[in-house]
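# Architecture at a glance
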Amino acid sequence: MRIAPSLLAADFAKLGSEVGRVDASTAEWLHLDIMDGNFVPNISFGPAVVKALRPFTRTFFDVHLMCSKPDVLLEPFVKAGADQISVHVELGSSVNSLLWRIKSLGVKAGIVINPPTPIEQVLPYLDKVDHILVMTVNPGFGGQSFIHEALPKVQRVFTWRMERGLSYTIGVDGGVDFKTAGECSKAGADTFISGTSLFGKRKLGDGVRKMRELVKASQRRPTKAATHRI
Ligand code: DX5
Ligand code: ZN
């Protein structure tokens, strides 16, 4: 299980020390939201910022690309220190080659799905990805309300993983707080991206610990029958 604070909710005037707060916590990943003002109606930051932050922590850098043309950004983000790059399934026919390219650059590859997109669209990629990220808000901004209708998607990717003996991680992103994280965990999520709820805390480390305890308490486990099938 992983807790991943999302840097989008940090104080942008002091990013170095904000990353230091994550480093001092027990968070396993740092989630980095990359927005291009086209795929989503907002702009965040690019590879130069990620590169500048790399020396502040050894935490796993989880890059979430919300960009219309991610192909040109893959190598710059790997060079900047990304450990994993995820692209949106909504990009359609280019997804296969993007995943292949990410892996050939030597980092982990993930796929992201927006709330209105049918979950079946990730089916062709299940055995090609390290991570599946289910958006629980429409991407573009932090601080939005959790969309409960996305939870059945988490259940589906959990079941598919079990049935096929795969090992991708299952993340949830958007509106994940000290209440909704438990619901996500129950549905089968194992990776919890949270911006506002964690960076909003004066002691980020306490927030990470609290969220971890909460998700542990409501963790979904494979049923005996399903475990047997693997
Ligand atoms: C939304 C981003 C999320 C966001 C989560 O487009 O992908 O990662 O930072 O932030 P909160 O937890 O504030 O919803
Ligand atoms: Zn994100």
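Source: prediction; values computed, not measured.

Taken together, the protein ligands of the zinc ion (ligand 2) are His-31 (NE2), Asp-33 (OD), His-64 (ND1) and Asp-173 (OD), with distances of 2.0 to 2.3 Å. Because the angles between the six donor atoms bound to the zinc ion (ligand 2) fall within 70 to 168°, the donor set is best described as octahedral. For the zinc ion (ligand 2), the single-chain donor residues occur in sequence as H-x1-D-x30-H-x108-D. Remark: Asp-173 occurs in strand E7 (residues 169–173) and Asp-33 occurs in strand E2 (residues 29–35); sequence separation between them is 140 residues. Exposure remark for Asp-33: the relative accessible area of 5% places this residue in the buried category.

It is worth spelling out the sheet that holds E2 at this point. Spatially, the eight strands line up as an open sheet ordered E1-E8-E7-E6-E5-E4-E3-E2, and their pairing is parallel. Two strands lie at the open edges of the sheet, namely strand E1 (2–5) and E2, each paired on one side alone. Put simply, the sheet's adjacent strands are angled 25° from each other on average, direction ignored. In the sheet, E2 pairs with strand E3 (residues 60–66) via seven bridges, with the strands oriented parallel. Counterpart to His-31 in the pairing with E3 is Asp-62. The sheet strands contacting helix H4 (residues 95–104) are strand E4 (84–88) and strand E5 (108–113), and the helix crosses E5 at an angle near 150°.

Quick notes on the rules
Residues numbered from 1 in each chain as written. Chains lettered and ligands numbered in written order. Predicted model: local features only at pLDDT ≥ 70, side-chain atom pairs only at ≥ 80, totals over all residues. Heavy atoms only, no water. Donors = N, O, S within 2.8 Å, 3.2 Å for Na, K, Ca; no water. Tetrahedral: all angles 85-135°; square planar, octahedral: opposite > 155°, others 65-115°. Helix = DSSP H or I, 4+ residues; strand = E, 2+ residues; numbered from the N terminus. Buried < 20%, exposed > 50% of the residue type's maximum accessible area, 1.4 Å probe, protein only. Pairing = 2+ DSSP bridges. Axes fitted to C-alpha atoms, helices over the stretch in contact; angles between N-to-C directions. Contact = heavy atoms within 4.5 Å.

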